[in-house]
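If you want the building blocks of each chain, they are given just below.
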Amino acid sequence: MSDDDQRDQTPADPAAQAPAAPAAPAAAAGPEPEPIRFFETTWVNHDGGYALRRVAVGAGSLITAIAAAVLLRLSYEGLEIGNVGPFLSISVVVLFAIASAIAFVKTWDSFSRRPAPSSDEAALKGLKAIGFIGSLIAYFLRCFAEAPGEKLRRAEYERATAEFARRRSARTGNPAARRPKRKK
């Protein structure tokens, strides 16, 4: 490679070659709100298309629940065509009904409180997956009032903001700039 080729490849401005210095950390502005799926942080001030997102999530969950119910109906008709017997047909319907009811209740409860670390939520994951229609209906119904989980996250965010304000107000300034106490 000749010297002319090397000059063509190097930038003219040496400052462009130097990596940018990391930005100084901003002053602590307080706790950040926790984003909610499909809503990000628009739930804090109800801005950024919050109402439209609530309508879209509610409609999407209802449409998905209806499509899933139609799919389950087709599956049930497949069992009827397969002539598997009434016991298995009724068992499948009861299983999906119970799983959907449990998924609805667990999903609805998750909107208002966080599960305990040692709770049975992990054990119920499979059951909630089978009864996903119940979870979808819980999302649909919750979208009438608020974003799913907004009440819980708002309470946590307001508590963290109040705690942050309390801690900030307790400070009286830069401790290094204080005058030493007089000796008596």
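Residues numbered from 1 in each chain as written. Predicted model: local features only at pLDDT ≥ 70, side-chain atom pairs only at ≥ 80, totals over all residues. Heavy atoms only, no water.

The next subject is the environment of G48. On the secondary structure map, G48 appears in the loop between helix 2 (14-17) and helix 3 (50-82). Judged by its relative accessible area of 53%, G48 is exposed. (Helix = DSSP H or I, 4+ residues; strand = E, 2+ residues; numbered from the N terminus. Buried < 20%, exposed > 50% of the residue type's maximum accessible area, 1.4 Å probe, protein only.)

Along the chain, E150 falls in helix 7 (residues 150-170). The contact partners of E150, leaving out residues within four places of it in the chain, are I36, W43, H46 and Y50. (Contact = heavy atoms within 4.5 Å.)

Take a nonpolar patch on the surface next. Together, L62, I66, V70, L71 and L74 line one region of the surface with nonpolar side chains, adding up to about 450 Å² of accessible area. Note on L71: relative accessible area 55%, which makes it exposed. (Patch = residues over 30% accessible without salt bridge, like charges linked within 9 Å, V, L, I, M, F, W, Y side chains within 5 Å. Areas by Shrake-Rupley, 256 points an atom, 1.4 Å probe, with all protein chains shown as cover. Salt bridge = Lys/Arg side-chain N within 4 Å of Asp/Glu carboxyl O.)

Quick look at the packing of aromatic side chains now. This model, assessed by the stated rule, comprises six aromatic pairs. Ring centres 6.2 Å apart and planes at 85° place the aromatic pair W43 and Y157 in the edge-to-face group. Taken together, the residues W43 in the loop between helix 2 and helix 3 and Y157 in helix 7 connect sequence positions 114 residues apart. On the accessibility criterion, W43 (0% relative accessible area) is buried. The exposure class assigned to Y157 is partly exposed, which follows from its relative accessible area of 23%. In this structure an aromatic cluster arises from ring pairing among F104, W108, F111 and Y139. (Phe/Tyr/Trp six-rings, centres within 6.5 Å; stacked < 30°, edge-to-face > 60°.)

Most peptide bonds take the trans form, and the phi angle of most residues other than glycine is negative. A positive phi angle, close to 75°, is found at F38, a residue other than glycine. As for its placement among the helices and strands, F38 is situated in the loop between helix 2 and helix 3. Of note, E40 is a non-glycine position whose phi angle comes to about 50°, a positive value. Among the structural elements, E40 can be located in the loop between helix 2 and helix 3. Classification of E40 as partly exposed rests on a relative accessible area of 46%.

That's the geometry; what it means functionally is another story.
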